[in-house]
Amino acid sequence: MRVTVLGSAGSYPAPGRACSSYLVEDQGYRLLVDCGNGSLANFMQLAQVDSIDAVVVTHRHVDHMADLVGLYHLLRFHGGRTERLPVYAPSAVLEIMEALLPGDDALHDVCRFETVRAGDRLSLGPLDVSLFAADHPVETVALRVESEGARLAYSADSGPTPELARCAAQADLFLCESTWAVPFDGRPAHLHLSAREAGELAAQAGVGTLVLTHIAYPGTGEQAVREARATFDGTVVEACDLRDHPVG
Ligand SMILES: [Zn+2]
Ligand SMILES: [Zn+2]
């Protein structure tokens with residue numbers, strides 16, 4: 001299994017960074033996880049849009065789903081798929097898509113939306129995907145993806161919660177949000193993690209490699225890695241757009 005970062009910015013784009021998106025590939029199967037603003041351009045540098053087998057969107061915030069609109073238009077007018085593209089997401093994602101595309105009935109001819117929630121398990125090609133409840137103001141699912149002994153976890157957006165440690169338990173690679181590279185006073189609860197908290201979760205979960213992502217500008221990857229190393233003594237790297245990581 002391999003994961004390629006298509007968008008590593010936190011909440012809004014940053015220099016050289018699109019918003020959240022990740023391409024998970026295993027045995028020729030391609031799962032797109034989140035589709036934040038700007039990330040589709042990064043995807044296009046790697047692969048043809050028809051090669052996506054399924055999409056999982058973690059929540060309805062635009063930095064995780066805005067480019068679903070562009071993906072739909074690309075598939076509709078320039079795609080060669082014979083079957084609809086499955087899109088697994090909390091129900092609010094479809095509501096937002098329909099609001100962004102008023103009167104556009106072709107959406108459901110191109111995409112097949114499936115509502116998912118925490119606790120669900122999906123069998124997607126060779127991938128066994130389990131969904132966990134993130135701690136975020138809107139319904140949000142974190143993902144655990146397993147295939148032939150390889151284990152990948154993705155926090156989505158979340159404040160600190162034991163659910164994330166369960167999601168990431170013994171993962172080979174934990175893609176964890178660290179919106180706040182450096183902690184600050186007065187940060188809202190139940191929203192995001194600091195890099196230090198990402199490190200704590202990685203230590204609790206016993207993960208192999210921690211990849212810090214969703215870093216909010218002007219915070220930097222260097223700051224985030226330094227902070228996370230204070231709480232986690234495994235391998236820590238920053239996510240960068242178009243960089244890929246082997247899993248397992
Ligand atoms: Zn976000
Ligand atoms: Zn969010």
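If you're wondering where the values come from, they're calculated on a predicted model, not measured in any experiment. Here the residue index of a chain counts from 1 through its sequence in written order. As they are written, the chains are lettered A onward and the ligands numbered 1 onward, keeping that order. It should be noted that, the model being predicted, local features are given only for residues of pLDDT at least 70 and side-chain atom pairs only at 80 or more, the latter also being counted only at that level, while totals for whole chains, interfaces and linings use all residues. With hydrogens and water excluded, all non-hydrogen atoms of the structure serve as input to the side-chain values.

Brief notes about the overall build of the chain
Selection rule: Only runs of H or I of at least four residues qualify as helices and only runs of E of at least two qualify as strands under DSSP, and these elements are numbered from the N terminus. As defined in this context, the radius of gyration uses C-alpha atoms, and a globule is described by 2.2 Å times the residue total to the power 0.38. Relative accessible area decides the class of each residue, using a 1.4 Å probe on protein chains only: under 20% of the type maximum gives buried, over 50% gives exposed, and in between gives partly exposed. Calculation of accessible area relied on Shrake-Rupley with a 1.4 Å probe; when residues are assessed, cover is drawn exclusively from the protein chains displayed. In this tally, Asp and Glu contribute negative charge and Lys and Arg positive charge; neither His nor the terminal groups of the chain are included. Lysine's charge is taken at NZ, arginine's at CZ, aspartate's at CG and glutamate's at CD.
When helices and strands are tallied, the chain shows 8 helices and 14 strands. Here the C-alpha atoms of the chain give a radius of gyration of 17 Å, agreeing with the 18 Å that 2.2 N^0.38 yields for 248 residues. With respect to the principal axes defined by its C-alpha atoms, the chain has extents near 50 × 40 × 35 Å. Taken over 248 residues, the chain has a buried fraction of 56%. As presented, the chain carries roughly 10100 Å² of accessible surface, and 48% of it is formed by carbon and sulfur atoms. Of note, the chain has its 18 positive side-chain charges centred 3 Å away from the centre of its 33 negative side-chain charges.

A few points about empty space enclosed by the protein
Empty space among the atoms becomes apparent when a probe as large as a water molecule is rolled across them. Note the threshold: Here a cavity denotes a set of grid points, spaced 1 Å apart and computed over the protein atoms alone, in which a 1.4 Å probe fits but from which it cannot get out, and a pocket denotes an open set meeting protein on both sides within 12 Å along at least five of seven lines; residues with an atom within 4 Å of a point are reported as lining. Grid points are joined across faces, edges and corners, and a volume is the space filled by probe spheres set on the points. The nonpolar class holds Ala, Val, Leu, Ile, Met, Phe, Trp, Tyr, Cys and Pro. Asp, Glu, Lys and Arg form the charged class, and all remaining residues, Gly among them, are polar.
Using the criterion set out here, one finds 1 cavity of 30 Å³ or more in the structure. Looking at the largest cavity, its volume works out to about 40 Å³. Looking at the lining of the largest cavity, its residues break down into 8 nonpolar, no polar and no charged.

Structural notes on the coordination of the zinc ion (ligand 2)
Here is the rule: Here the term donor refers to an N, O or S atom within 2.8 Å of the metal (or 3.2 Å for Na, K and Ca), and because water is left out of the atoms, sites may appear incomplete. In short, tetrahedral needs four donors with all angles between 85 and 135 degrees, square planar needs four and octahedral six donors with opposite donors over 155 degrees apart and all other angles between 65 and 115, and whatever is left is irregular.
Summarising the metal site, the zinc ion (ligand 2) is bound by the protein donors His59 (NE2), His61 (ND1), His136 (NE2) and Asp157 (OD), whose distances to it range over 2.1 to 2.3 Å. Coordination at the zinc ion (ligand 2) comes from 4 donor atoms whose angles at the metal span 91 to 163°, giving a geometry best classed as irregular. Every donor residue of the zinc ion (ligand 2) comes from the same chain, spaced as H-x1-H-x74-H-x20-D. Residue classification places His59 among the buried positions, given a relative accessible area of 0%.

Remarks on helix 3 (residues 68-78)
Using the following cut-off: As used here, the arc belongs to the directions running from the helix axis to the C-beta atoms.
Along helix 3, the residues that are buried comprise Leu68, Val69, Leu71, Tyr72 and Leu75. Taken end-on, helix 3 shows its buried residues confined to a sector of 165°, consistent with a single buried face. Counted as exposed and oriented over 90 degrees from the buried face of helix 3: Phe77 and His78.

Nothing here speaks to function; it is geometry throughout.
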